[in-house]
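Listed below are the residues making up each chain.
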Amino acid sequence: MRLHRLSKPGLAALAACLIFLSACGGAKISQENFDKVKVGMTQAEVKAILGEATEASSLDVAGFSGSTSTWRHGDTTITIQFVNGKVVAKQFAKPDK
């Protein structure tokens, strides 16, 4: 196996790419994407808009399933409630500066 050393400009470019990619993970957690989520959407449709949830919990009772998924990035939180796999309620929270 052959190892390559990065030059200082190459290392700086790599660092910039990593910072950009880590920032992109939270880029989906925005007011704009929150507004795209509509009551009645499936969990798969929401995931396509917001990505993988940061937290999730679920409960199944007598043929009904309910779950709550939360997406967090920085001080922004999106919480969505699902019943039988479809959006029934949503909340966007971002503290005022």
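Refer to the structure above for everything that follows.
Presented here is an overview of the structure given in this document.

Rules and cut-offs
- In this numbering scheme, every chain counts its residues from 1 along its sequence in written order.
- Restriction of local features to residues with pLDDT of at least 70 applies here, the model being predicted, together with a cutoff of 80 or more for giving and counting side-chain atom pairs; totals for whole chains, interfaces and linings are based on all residues.
- Neither water nor hydrogens contribute to the side-chain values; these are computed over all heavy atoms in the structure.
- Each salt bridge in this description consists of a side-chain nitrogen of Lys or Arg and a carboxyl oxygen of Asp or Glu lying within 4 Å of one another.
- Here's how the labels work: a residue is buried when its accessible area is under 20% of the maximum for its type, exposed when over 50%, partly exposed in between, all with a 1.4 Å probe on protein chains only.
- Where helices and strands are cited, they refer to DSSP runs of H or I of at least four residues and of E of at least two residues respectively, numbered from the N terminus.
- Put simply, a nonpolar core is a bunch of buried Ala, Val, Leu, Ile, Met, Phe, Trp, Tyr and Cys residues held in one set by side-chain atoms that sit within 4.5 Å of each other.
- Two residues qualify as a contact provided that any one of their heavy atoms is within 4.5 Å of a heavy atom in the partner residue.
- In this analysis, strands are considered paired if DSSP registers two or more bridges between them.
- Helix axes use the C-alpha atoms of the stretch in contact, all axes being lines fitted to C-alpha atoms, and the angles between their N-to-C directions lie in the range 0 to 180 degrees.

**Considerations on the pattern of salt bridges**
Pairing between side chains becomes possible if they bear opposite charge and their charged atoms approach one another.
Next, step 1: Taken as a whole and judged by the stated rule, the model has two salt bridges.
Next, step 2: One salt bridge in this structure joins K47 and E52, with 2.9 Å as the shortest N-O distance.
Next, step 3: Residue classification places K47 among the partly exposed positions, given a relative accessible area of 44%.
Next, step 4: A salt bridge links E55 to R72, with the nearest nitrogen and oxygen atoms 3.0 Å apart. Separated by 17 residues along the polypeptide, E55 in strand β1 (residues 55-61) and R72 in strand β2 (residues 64-73) bring together distant segments of the chain.

**Things to note about the nonpolar core**
Next, step 1: Among the nonpolar cores identified, the biggest contains twelve residues, and these are I29, F34, V37, M41, V46, I49, L50, W71, I78, I80, F82 and V87.
Next, step 2: Mapped onto this core, the elements with two or more residues apiece are α3 (43-50) and β3 (76-83).
Next, step 3: Among residues more than four places away in sequence, those in contact with F82 are T42, Q43, V46, S65, G66, S67, S69, V87 and V88.

**What to know about the side chain of T70**
Next, step 1: Following the sequence through the fold, T70 ends up in strand β2.
Next, step 2: Here T70 falls in the buried class, since its relative accessible area comes to 8%.
Next, step 3: Discounting residues that sit within four places of it in the chain, T70 has contacts with A53, T54, E55, T77, I78 and T79.

**Some details on the sheet that holds β2**
Next, step 1: Strand order in the open sheet formed by four strands is β1-β2-β3-β4, with antiparallel pairing between adjacent strands. The open sheet is flanked by β1 and β4 (86-93), the only strands paired with a single partner. If you compare each strand with its neighbour and ignore which way they point, the axes differ by 10° on average.
Next, step 2: Taken together, the seven bridges between β3 and β4 define a ladder with antiparallel strand orientation. Within the sheet, the bridge partner assigned to I78 lies in β4 and is F92.
Next, step 3: Contacts from α3 reach β2, β3 and β4 within the one sheet, and its direction differs from that of β3 by about 165°.

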